[in-house]
Amino acid sequence: MTSRSNPLRALIFDVDGTLAETEEVHRQSFNQAFAEFGLPWIWDQPLYRRLLAIAGGRERMAEFAREIDDVEPPFADIHRRKTEIYTSRVAGGTLPFRPGIIPLIEQARGGGVRLAIATTTSRANVEALLAERLGWFDVVATAEDAPAKKPDPMVYRLVLERLGLPPEDCLALEDSTNGVKAARAAGLCVLVSESIYTKGDDFPGALGVFDDFGDMPLDRISALRHRA
Ligand code: XBP
Ligand code: MG
């Protein structure tokens, strides 16, 4: 079944890079945690862009340690501390949402289109970033809910199950190749807003790729599905 005739019944948002440009704060939080644990690791922007091909902070650290053939540091402790640092930096929703995100959410809420989140990041990070705005979302699925990380479709399939909707009635909004692959594998149409760490990447199967979702009213976004 295509989404040509199906009304749009839910928008499913990725978080990092889509709702907000959060990855610089993640990168700086990783580096502060590494320093606190006495590790001589410094992830600069080019290295972090490459490491972002691995979804999940713990998985990213483990892969980096394998690459440099370093000792196995206490990843769980480091990641717990990194999450504390990150959440303190974004506490209270201080990081602005990307252009067009709030208008899209407002139009969806006004038009009876449900909202959901499908992210690889940790739940604490989502709660800190969204603060009281978390209540806008009917379903919020995070790394704790879906341990198989993007490009695995687990988190999107879980969101669809919890929404009780078929993929053809929904639309995913992403910023990364992994995210697009995960959404497509779950049968979803997906639109991309390139983020600072994904600009110029390939987004196989995306319905459209944009600088951001500013000036993208919900009816135009919904109509794009009919191209599917
Ligand atoms: C992006 C990710 C996350 C963040 C870091 O998630 O892959 O791993 O980079 O967060 P999204 P954690 O699916 O929202 O783009 O350290 O909590 O993993
Ligand atoms: Mg993302």
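Treat the numbers as computed from the prediction; the structure is a model and nothing was measured. (Residues numbered from 1 in each chain as written. Chains lettered and ligands numbered in written order. Predicted model: local features only at pLDDT ≥ 70, side-chain atom pairs only at ≥ 80, totals over all residues. Heavy atoms only, no water.)

**Some points on the pattern of salt bridges**
Tallied over the full model, the rule gives 17 salt bridges. A salt bridge links E84 to R81; the shortest N-O distance between them is 3.0 Å. Of this pair, E84 and R81 both sit in helix α4 (residues 75–90), 3 residues apart, which is roughly one turn of the helix. R81 gets classed as partly exposed once you look at its relative accessible area, which sits at 26%. Between K199 and E194 there is a salt bridge whose closest N-O contact spans 3.0 Å. K199 sits in the partly exposed class, given a relative accessible area of 48%. Within the structure, one salt-bridge network assembled from shared partners comprises D14, K150 and E174. (Salt bridge = Lys/Arg side-chain N within 4 Å of Asp/Glu carboxyl O. Helix = DSSP H or I, 4+ residues; strand = E, 2+ residues; numbered from the N terminus. Buried < 20%, exposed > 50% of the residue type's maximum accessible area, 1.4 Å probe, protein only.)

**Some details on the sheet that holds strand β3 (residues 139–141)**
Strands sit in the order β3-β2-β1-β4-β5-β6 across an open sheet of 6 strands; the sheet is parallel. Only two strands of the sheet have a single neighbouring strand rather than two, namely β3 and β6 (208–210). On average, each strand axis in the sheet is inclined to that of its neighbour by 20°, with strand direction left out of account. One ladder, built from 4 bridges, connects strand β1 (residues 10–13) with strand β4 (residues 170–174); its direction is parallel. Its bridge partner being in β4, A10 is matched across the sheet by C170. Of the strands in this sheet, β4 and β5 (189–193) are in contact with helix α8 (residues 177–185), which crosses β5 at around 165°. (Pairing = 2+ DSSP bridges. Axes fitted to C-alpha atoms, helices over the stretch in contact; angles between N-to-C directions. Contact = heavy atoms within 4.5 Å.)

**Thoughts on the coordination of the magnesium ion (ligand 2)**
Around the magnesium ion (ligand 2), the protein contributes the donor atoms D14 (OD), D16 (O) and D175 (OD), which lie 2.1 to 2.3 Å from the metal centre. Each donor residue of the magnesium ion (ligand 2) belongs to the same chain, with the gaps between them written as D-x1-D-x158-D. In this pair, D16 is assigned in the loop between β1 and α1 (23–36) and D175 in the loop between β4 and α8, connecting sequence segments 159 residues apart. We note that D16, like D175, is buried. (Donors = N, O, S within 2.8 Å, 3.2 Å for Na, K, Ca; no water.)

**Thoughts on the packing of α1 against helix α3 (residues 57–67)**
A pair of packed helices can be characterised by two numbers: the angle between their axes and the separation between those axes. Direction vectors running N to C along α1 and α3 enclose 55°, while the axes themselves pass 13 Å from each other. By the angle between their directions, the pair α1 and α3 is classed as oblique. Between α1 and α3 lies a crossing of right-handed hand. Contacts from E23, F30 and F34 in α1 reach G57, R60 and M61 in α3. Considered class by class, the residues forming the contact of α1 with α3 number 3 nonpolar, 1 polar and 2 charged. (Parallel < 35°, antiparallel > 145°, perpendicular 65-115°, else oblique. Left-handed = near helix turned anticlockwise from the far one by under 90°. Nonpolar A, V, L, I, M, F, W, Y, C, P; charged D, E, K, R; others polar.)

**Re the packing of aromatic side chains**
For the coordinates displayed, the defined rule picks out 11 aromatic pairs. Linked through ring pairs, F30, F34, W41, W43, Y48, F64 and Y197 together constitute an aromatic cluster. The ring centre of F30 lies 4.5 Å from the NZ or CZ of K82, which sits over that ring. The residue whose ring lies beneath R133 is F97, and the NZ or CZ to ring-centre distance is 4.2 Å. (Phe/Tyr/Trp six-rings, centres within 6.5 Å; stacked < 30°, edge-to-face > 60°. Lys NZ or Arg CZ within 6 Å of the ring centre and 35° of its normal.)

**Description of the site of ligand 1**
Residues in contact with ligand 1 amount to 20 residues; listed here are only the nearest, D14, G57, H79, T119 and S122. Within the side chain of R60, one N or O atom sits 2.9 Å away from an oxygen atom of ligand 1. Contacts to ligand 1 include H79, whose side-chain N or O atom sits 2.7 Å from an oxygen atom. Contact with the protein chains removes 95% of the 450 Å² of surface that ligand 1 exposes when unbound. With respect to the detected pockets, ligand 1 is housed in the largest pocket. Sorting the residues of the shell around ligand 1 by element identifies α1, α3 and α4 as the ones contributing at least two each. Tallying contributions element by element places α1 first for the shell around ligand 1, with 3 residues. Counted by class, the shell around ligand 1 contains 5 nonpolar, 9 polar and 6 charged residues. (Near = heavy atom within 4 Å. Polar contact = N/O pair within 3.5 Å; in protein donor to acceptor, adjacent residues only side chain to side chain. Areas by Shrake-Rupley, 256 points an atom, 1.4 Å probe, with all protein chains shown as cover. 1 Å grid on protein atoms, 1.4 Å probe; cavity = no way out; pocket = protein on both sides within 12 Å on 5 of 7 lines; lining within 4 Å. Sits in = over half its atoms within 2 Å of the grid points.)

These figures capture arrangement, not role.
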